[in-house]
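Overview (structure and organization)
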Amino acid sequence: MPDWEGARLHVVSGKGGTGKTTVAAALAMALAAEGRRTLLIEVEERQGIAELFGISALPYEERKVASVAPGALGALGKRGGNREGEVFALAIDIEQALLEYLEMFYKLGRAGKALRKVGFIDFATTIAPGLRDVLLTGKACEAVRRKGADGRRVYDAVVMDAPPTGRVSRFLNINTEVADLARFGPIFTQSQAVMRVIQSPETVVHLVTLLEEMPVQETVDGVAELRAAGLPVGAVFVNMVRPPVLDEAAVLAAEGDHAEELALALADAGVGARPNRNGTRKTIPAATRKLVEPLLAQGREHAARVLLEREQRADVQALKLPTYELPLLSGGVDLGGLYRLAAALKEQGAA
Amino acid sequence: MSSAPKNASQTSSAGQTGHDPLAGRLLDVDALIDDPATAIIVCCGSGGVGKTTTAAALGLRAAERGRKVVVLTIDPARRLAQSMGLTELDNTPRVVKGVTGTGELQAMMLDMKRTFDEVVLAHADPERARQIMENPFYQSLSSGFAGTQEYMAMEKLGQLQAEGNWDLIVVDTPPSRSALDFLDAPNRLGSFLDGKLIRILMAPAKVGGRSAMKFLNVGMTMVTGVVGKVLGANVLQDVSTFVTAMDSMFGGFRERADRTYALLQAPGTAFLVVAAPERDALREAAYFVDRLESDRMPLAGLVLNRVHSTGAPQLTAERALAAAETLESTDLEEQPTDSVEAEVLAAGLLRLHAERMQRIARERRMRDRFVSVYPDVPVVEVAALAGDVHDLKGLREIGEGLNRRP
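Model, not experiment: these values are computed from the prediction. (Residues numbered from 1 in each chain as written. Chains lettered and ligands numbered in written order. Predicted model: local features only at pLDDT ≥ 70, side-chain atom pairs only at ≥ 80, totals over all residues.)

Some remarks on the environment of His-10 of chain A
All names here are of chain A. If you trace the backbone, His-10 turns up in strand S1 (residues 9–14). Given 27 C-beta atoms within 10 Å, His-10 falls into the buried group. Residues His-10 and Thr-165 lie 155 residues apart in sequence; the distance between their C-alpha atoms is 14 Å. With sequence-adjacent residues up to four places away left out, His-10 is seen in contact with Leu-27, Ala-157, Val-159, Met-160, Val-204, His-206 and Gly-234. (Helix = DSSP H or I, 4+ residues; strand = E, 2+ residues; numbered from the N terminus. Buried ≥ 20, exposed ≤ 12 C-beta atoms within 10 Å, placed from the backbone. Contact = placed C-beta atoms within 7 Å.)

The following block contains the structure:
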């Protein structure tokens, strides 16, 4: 059974630059396998999803961005038979979301336009920036709870590409704050409803990290902060993992007297000039020598990184949370790459 | 500040031809920080590209080259803060110890709430200030919604500049696209203040009959009703109290926002966009460059962090891979152990080198794409470091990296 069977709202956060959007998209695809339907939500108005899927900018409407054929992400499971999975995406536009939010309570008609005219929209989204977060979390929770004509939920799972770690607790708890401010009335009721979803077992908050010091530190801090805020911590996604080519033992061995043999090995492999036939095998041409030092330097750098990554991985493991690793795709992530990442997630049990 | 010549647009697939498309438009960071006319440097860019580190490194280098500098950081990583001796978020510049040379470096972390409180105290009499600060709406607003940070960073910049204790202020910005939202502040505050909403909010009870509202015709009464109903009567009361209390300050707010905007546009200010040679980071950098240009903000250039290089550019990725395969397919059992070890190592190093060369080519493609779209933006590349910065020495190395010529 997949690790997050009961979860319906997956909030994906992480330090900037760790690839939150990519991980969120891959997760939405993995969760869509076996005939399921998922919604991927973007909240920062960057159009990162459109960029990732290689499509034109998304409007403020739920739109299908990918399908997941049966077996596309590896072995077929029992759940979905032969049905095709679907990934929908939504880029939230704050202004429209606000009008929609107000519409939820009242038929606005002309008053909606008038609100814009008197600057309420600007006021609400700029001067009272907390409202942005209310709208974003509200929209996500609405999608989670929405039911179709058959009485079943429209989406099996909703994945949100959320604000970075430093802001995510506050972002998710905004409705508690709003409920405190409003105390009663429609906004209060709505905030309570949103908080019920966010604090329920249906919601998990995942953090994306790289095997580097700052992102790992921020992940450790983030987990503590989420827990303190009473938010459900999900998994850690370690992104852009590079396979170790050489371990430090091998590189250390190369220091000192091995340089000579290394130069020879390189020359034998056809890199640099061949050793002089008339001399002993120890005569290394200058061209080959010029290669040895830089290559060794790169090897040392690599070994140092492998060591550092090992420490970082230990710190991540110490959190005792489910952890998934996603390989670095050289050349960047496109649609094909997303399928590969989704398959990796599925294989590791994330979906 | 030097602006780059416009004519260097031969960007024909650089790297292959050996032509460097950056030639002639390198960003000269030392010239920028040494220029006594440079009074403010604002670093912006997406998260995770080393923006805060760049700001700190610039500040240190400028100080060690004789300037009196203050660095304003927003939510720095703990280690970076420690590297500058910052241990608490107290909203006050602290002298950074261990700086050499005749200059001086001070650093501070922004405390949003405290900065907001300071603004209130500066603009309202004590009684009104107390009312505002006790208002739940204010408490919520000031303690860190998205957006408040951006405004308060600029407010703090204005304060530091007004204090006049430093001849260079280096500002870090929050790690999001909204980092430049403060550029909208004067306009938005303006439309809000000149607008009708504020009057509705200030006087929810008597709106309907007021002459000021007449031209808004039917929609208005509905709006008032909706605002009241949606927010709930008690919220409207809180907001109303808050806005009324703030009213006397708003004029001051607007004036300050206008002044900060003018300060940012002034010749003494330089914006640096920070990025890494990756698709997402450069896309964000392009957004920032466009945004700064449309607001006619003085853009000094792009700092491209974490750029990879190699000491053996003569060996291509293809040849390195081929050689690695040759080594790996050799029948190892017929050879002495020593040479087997050497061959395994050589193959590994060749594979690493191939990876490195591919990475360099990819980074260069990303960079060149940016450069051909923005031929007028000077660029400086900073080499990738093995680990994070833990101390002043690390910051100093980055400062040197900012000025290393290829």
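Some words on the pairing of strand S4 (residues 104–109) of chain B
All names here are of chain B. Here strand S2 (residues 68–73) pairs with S4 via 6 bridges, running parallel. Bridging across to S4, Lys-68 finds its partner in Glu-104. In this structure, strand S3 (residues 94–95) lies alongside S4, joined through 2 bridges in antiparallel fashion. The partner of Arg-94 across the bridge, within S4, is Ala-107. (Pairing = 2+ DSSP bridges.)

A short note on the sheet that holds strand S6 (residues 203–209) of chain A
Strand pairing in a sheet is mediated by backbone hydrogen bonds. Such pairs are either parallel or antiparallel. All names here are of chain A. Within the open sheet, the 8 strands sit side by side as S3-S4-S2-S5-S1-S6-S7-S8. Their pairing is mixed. Two strands lie at the open edges of the sheet, namely strand S3 (63–68) and strand S8 (323–327), each paired on one side alone. The mean angle between the axes of side-by-side strands here comes to 25°, regardless of whether they run parallel or antiparallel. In the sheet, strand S2 (residues 37–42) pairs with strand S5 (residues 157–161) via 5 bridges, with the strands oriented parallel. Looking at S5, one finds that Thr-38 is bridged to Ala-157. Across the sheet, helix H7 (residues 165–172) lies against S1 and S6, angled at about 145° from S1, the strand it touches most. Contacting S6 and strand S7 (233–241), helix H10 (residues 213–228) runs over the sheet at an angle of about 165° to S6. (Axes fitted to C-alpha atoms, helices over the stretch in contact; angles between N-to-C directions.)

Let's talk about the packing of helix H8 (residues 174–182) of chain A against helix H9 (residues 186–198) of chain A
All names here are of chain A. At a closest axis distance of 8 Å, the pairing of H8 and H9 adopts a crossing angle of 155°. Relative to H9, H8 is oriented roughly antiparallel. In this structure, H8 meets H9 at a crossing whose hand is left-handed. Residues Asn-175, Thr-176, Val-178, Ala-179 and Ala-182 of H8 form the contact with H9, whose participating residues are Ile-187, Phe-188, Ser-191, Gln-192, Val-194 and Met-195. Of the residues assigned to the contact of H8 with H9, the class counts are 7 nonpolar, 4 polar and no charged. (Parallel < 35°, antiparallel > 145°, perpendicular 65-115°, else oblique. Left-handed = near helix turned anticlockwise from the far one by under 90°. Nonpolar A, V, L, I, M, F, W, Y, C, P; charged D, E, K, R; others polar.)

Considering the domain arrangement of chain B
Domain parsing of chain B yields domain 1 (29–179 + 260–308 + 384–401) and domain 2 (317–356). Each of domain 1 of chain B and domain 2 of chain B was reduced to a C-alpha centroid, and the two centroids are 48 Å apart. (Domains from an automatic or database assignment.)

Comments concerning the sheet that holds strand S6 (residues 269–275) of chain B
Residue and element names in this part refer to chain B. Read across the sheet, 8 strands follow the order S3-S4-S2-S5-S1-S6-S7-S8 without closing on themselves; strand pairing throughout is mixed. Edge positions in the sheet fall to S3 and strand S8 (379–383), since each has one partner strand and no second. Pairing of S6 with strand S7 (residues 299–307) involves 5 bridges; the strand directions are parallel. Residue pairing for S7: Val-274 is matched across the bridge by Val-303. Contacts between helix H7 (residues 148–163) and the sheet are confined to strand S1 (40–44), S2 and strand S5 (168–172), with S5 contributing the most and set at about 170° to the helix.

Section: the nonpolar core
Counting 171 residues, the largest nonpolar core has Ala-26, Leu-27, Met-29, Ala-30 and Val-158 of chain A together with Val-273 of chain B as its most contacted members. With 10 residues, the single largest contributor to this core is helix H1 (residues 20–32) of chain A. With near-sequence residues (within four places) excluded, Leu-27 of chain A lies in contact with His-10, Val-12, Val-159, Leu-345, Ala-350 and Ala-351 of chain A. Core analysis: the next-biggest nonpolar cluster, separate from the first, contains 29 residues, Ala-269 of chain A together with Leu-315, Ala-323 and Ala-342 of chain B among them. (Core = buried A, V, L, I, M, F, W, Y, C linked by C-beta atoms within 7 Å.)

Section: helix H14 (residues 335–347) of chain A
Residue and element names in this part refer to chain A. Spanning 13 residues, H14 covers 18 Å between terminal C-alpha atoms, matching the ideal 18 Å at 1.5 Å per step. Regarding H14, the residues found buried are Leu-338, Leu-341, Ala-342, Leu-345 and Lys-346. Along the long axis of H14, the arc covered by the buried residues comes to 140°, so they all point the same way. Residues of H14 that are buried make contact with H1, helix H2 (48–53) and S8. (Expected span 1.5 Å × (residues − 1). Arc of directions from axis to C-beta.)

Here's the deal with the packing of H10 of chain A against helix H13 (residues 286–317) of chain A
Residue and element names in this part refer to chain A. In the contact formed by H10 and H13, the axes pass within 10 Å of each other and the chain directions differ by 10°. On the basis of their axis angle, the class for H10 and H13 is roughly parallel. On H13, the residues touching Glu-213, Val-216, Thr-219 and Val-220 of H10 are Gln-312, Asp-315 and Val-316. The residue inventory of the contact of H10 with H13, partitioned by class, reads 3 nonpolar, 2 polar and 2 charged.

Remarks on the environment of Leu-26 of chain B
All names here are of chain B. Relative to the helices and strands, Leu-26 is located in the segment before helix H1 (29–34). Put simply, Leu-26 and Gln-149 are 123 residues apart on the chain and 32 Å apart in space, counted from C-alpha to C-alpha. Filtering out sequence-adjacent residues up to four positions away, Leu-26 remains in contact with Pro-378, Val-379 and Val-380.

Let's talk about helix H2 (residues 51–64) of chain B
Think of an α-helix as turning once every 3.6 residues; residues three or four places apart then point the same way. Residues and elements named next belong to chain B. The terminal C-alpha atoms of H2, which comprises 14 residues, lie 20 Å apart, in line with the 20 Å expected from a rise of 1.5 Å per residue. For H2, a buried count of 14 out of 14 residues is recorded, marking the element as mostly surrounded by other parts of the structure. Once H2 ends, the next one or two residues include Gly-66, with phi positive near 105°.

A closer look at the pairing of S1 of chain B
All names here are of chain B. Most of S1 sits inside the fold, with 5 of its 5 residues counted as buried. In S1, alternate side chains face the same way, and those of Ile-40, Val-42 and Cys-44 on one face and Ile-41 and Cys-43 on the other are all buried. Two strands pair when backbone bridges link them, and S1 and S5 are joined in this way by 4 bridges, in the parallel orientation. Bridged to Ile-41 within S5 is Val-170. Bridge count between S1 and S6: 5 bridges; the pairing is parallel. Bridge pairing in S6 links Val-42 to Phe-271.

Points about unusual backbone geometry
Positive phi outside glycine occurs at Gln-47 of chain A, with the angle close to 60°. With respect to the element layout, Gln-47 of chain A can be found in the loop between S2 and H2. With 15 C-beta atoms counted inside 10 Å, the residue Gln-47 of chain A sits in the partly exposed group. Of note in the backbone geometry, Arg-296 of chain B takes a positive phi value of approximately 50° without being a glycine. Take Arg-296 of chain B: it is sitting in the loop between helix H12 (279–294) and S7.

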